[in-house]
Structure formats: structure tokens, C-alpha cells
Amino acid sequence: VLAMPYAQIEPESLVPDLAGPFERQLLLKYADLHLPVVLVDAPPDTPKLSSLSVDNPGAMNETYSRLSALGHRRIAFLRRISHTRKDVDADSKERFAEFVQAGNRSALPGVQIAALNVCKDEGSSSPAFRALFSALAGYSSVVCADGGLAGLCLEAARARGWTVPRDLSVVAIQSHLAQNEI
């Protein structure tokens, strides 16, 4: 992990191994170093950077396949909003896009997938969780883009008297670095 300010980097002396979150402008500066820069545990949003991260496409295909085999057709996808990037977290964004593509490829009738966004500071009473548990929503399962969101989802379900997995199936997609969030 690079622990020095960008201005102090001596390009010939290191190969940065970045673990963030980082603002896009900073990542673009690292990409311009003309060194092999590796972003760890997050998909890059600039083509100049390499990354080492979870196999999001494979994980989302497997998740969709298992949920659809269990008969789930109304599926919510909880995504995290990054305050640093002022956008949907890069992993959340990639995971949701891959999940929707898996649903589209399956061509199963009646499948509905909805994205619900949760800000970092929001807890289990956030608007996303109110939408998830509203009487009109009718979701049978929720895919959480990380373990922390899955923990909040379980908390919100318990607060409403729901039982997991009887009333709602909850899936957490998380990296090794986030394994202790639940």
C-alpha cells in the first residue's frame, strides 16, 4: 500500500500497489507515472491501470444462476455509494451490471431486478431499506454488493419481524479484505 503523498514519489524507485478508495483524479495521476500500477481489490475505472480483484462476472453469473434455480424472480440489488468518488462504488457498479447481464442472458420470464443505493453513513433505516421492505416491493431475495450491506439488510429484516431465509434470501458478495464486515 502506498503511504506517501503523490508529490513525493520517485518513479524509478517503486511499483505502487494501491488499495483504496481513491478519487478518480488521483488514480489518473498514478496512471500517468509510466510505471506498472496495480489497484488492489477494486475494478479500475481508467483503462491505464491494472487491477487485482474479485471475479465479479463469474460471481454474479453464479449468484444469478443459483437464485433463479430457487425460483427467485423479483430480486433487489443493494449498492453502496462512495462518498470519496461521489458515485456508486466501483465494485457495486460492476457487480450490478454483471448481475443484470446474467439476468438478460437467462431470458427467464418475469424477472425483475432493481438497484437500491445505500450511502456509507446510512444504517438499516435508510430509504433503500424502506423501499426493499415496503409492502408493494415484493422482493424474494436481495443481493448485497458487500458484506457490510448484507449485515445491514439482516438487521433491517429483523427489525421488521422478517426471518432470513424464510421471508427473504440474502446474498453477500464480498472480497477477502471485507470478510469480517458481517
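Before reading on, note that the structure itself is shown above.
Let us look at the structure shown here. As the structure is a computational prediction, the values presented were derived from the model and not from experiment.

**What to know about the overall build of the protein**
Helix and strand counts for the protein come out as five helices and eight strands. In sequence order, the secondary structure elements of the protein are arranged as β-α-β-β-α-β-β-α-β-α-β-α-β. When burial is assessed residue by residue, the protein has 38% of its 182 residues classed as buried. Of the contacts made within the protein by residues no fewer than 6 positions apart, 59% connect residues no fewer than 24 positions apart. A total of about 9,800 Å² of accessible surface is found on the protein, and carbon and sulfur atoms cover 53% of it.

**Thoughts on the pattern of salt bridges**
A full pass over the atoms with the stated rule returns four salt bridges. Its salt-bridge partner being Glu-62, residue Arg-66 comes within 2.5 Å of it at the nearest N-O pair. Highlighted residues: Arg-66 and Glu-62, both in helix H2 (residues 56-69), separated by four residues, approximately one helical turn. Residue classification places Arg-66 among the exposed positions, given a relative accessible area of 56%.

**A word on helix H1 (residues 24-31)**
Every buried residue of H1 is listed here: Leu-27, Tyr-30 and Ala-31. One side of H1 carries all its buried residues, which in axial view fall inside an arc of 100 degrees.

**So, the nonpolar core**
In terms of nonpolar packing, the biggest core is built from 30 residues, with Leu-78, Phe-99, Phe-129, Leu-132, Phe-133, Val-142 and Cys-153 touching the most fellow members. Looking at this core, the elements that each hand over two or more residues are H2, strand E4 (74-82), helix H3 (90-106), strand E6 (112-119), helix H4 (127-132), strand E7 (141-144) and helix H5 (147-159). The greatest single-element share of this core, amounting to six residues, is contributed by H5. Phe-133 has contacts with Cys-153, Ala-156, Ala-157, Arg-160, Trp-162 and Leu-168, leaving out every residue within four places of it along the chain.

**Quick notes on the packing of aromatic side chains**
Counted according to the given criterion, the structure contains four aromatic pairs. Arranged with centres 5.5 Å apart and planes meeting at 70 degrees, the rings of Tyr-64 and Phe-99 form a pair that is edge-to-face. Note that Tyr-64 is positioned in helix H2 and Phe-99 in helix H3, a separation of 35 residues in sequence. Judged by relative accessible area, which is 3%, Tyr-64 ranks as buried. Taking the centre distance of 5.3 Å and the plane angle of 65 degrees together, the rings of Phe-77 and Phe-96 count as edge-to-face. Taken together, the residues span a long stretch of sequence, with Phe-77 in strand E4 and Phe-96 in helix H3 at a distance of 19 residues. Here Phe-77 matches Phe-96 in class, with each residue buried. These aromatic residues form a ring-pair network of at least three members: Tyr-64, Phe-77, Phe-96 and Phe-99. Its end group placed over the ring of Tyr-139, Arg-74 keeps NZ or CZ at 4.9 Å from the ring centre.

**Thoughts on the side chain of Ser-92**
With respect to the element layout, Ser-92 can be found in helix H3. A polar atom in the side chain of Ser-92 sits 3.2 Å from the backbone nitrogen of Arg-80. With sequence-adjacent residues up to four places away left out, Ser-92 is seen in contact with Phe-77, Arg-79, Arg-80 and Ala-145.

**Some thoughts on unusual backbone geometry**
Note that the residue after Val-164, namely Pro-165, is joined by a cis bond; omega there is 10 degrees. Summarising the element assignment, Pro-165 is placed in the loop between H5 and strand E8 (169-172).

**Remarks on H3**
Since the α-helix advances by 3.6 residues per turn, residues separated by three or four positions end up pointing in the same direction. Under the 1.5 Å per step criterion, the end-to-end length of H3 is 25 Å for 17 residues, consistent within 8% with the ideal 24 Å. Its side-chain oxygen at 3.0 Å from the backbone nitrogen of Ser-92, Asp-89 defines the N-terminal cap of H3. Once H3 ends, the next one or two residues include Ala-107, with phi positive near 55 degrees.

What counts, and at which threshold
- Residues numbered from 1 in each chain as written.
- Predicted model: local features only at pLDDT ≥ 70, side-chain atom pairs only at ≥ 80, totals over all residues.
- Heavy atoms only, no water.
- Helix = DSSP H or I, 4+ residues; strand = E, 2+ residues; numbered from the N terminus.
- Buried < 20%, exposed > 50% of the residue type's maximum accessible area, 1.4 Å probe, protein only.
- Contact = heavy atoms within 4.5 Å.
- Areas by Shrake-Rupley, 256 points an atom, 1.4 Å probe, with all protein chains shown as cover.
- Salt bridge = Lys/Arg side-chain N within 4 Å of Asp/Glu carboxyl O.
- Arc of directions from axis to C-beta.
- Core = buried A, V, L, I, M, F, W, Y, C linked by side-chain atoms within 4.5 Å.
- Phe/Tyr/Trp six-rings, centres within 6.5 Å; stacked < 30°, edge-to-face > 60°.
- Lys NZ or Arg CZ within 6 Å of the ring centre and 35° of its normal.
- Polar contact = N/O pair within 3.5 Å; in protein donor to acceptor, adjacent residues only side chain to side chain.
- Expected span 1.5 Å × (residues − 1).

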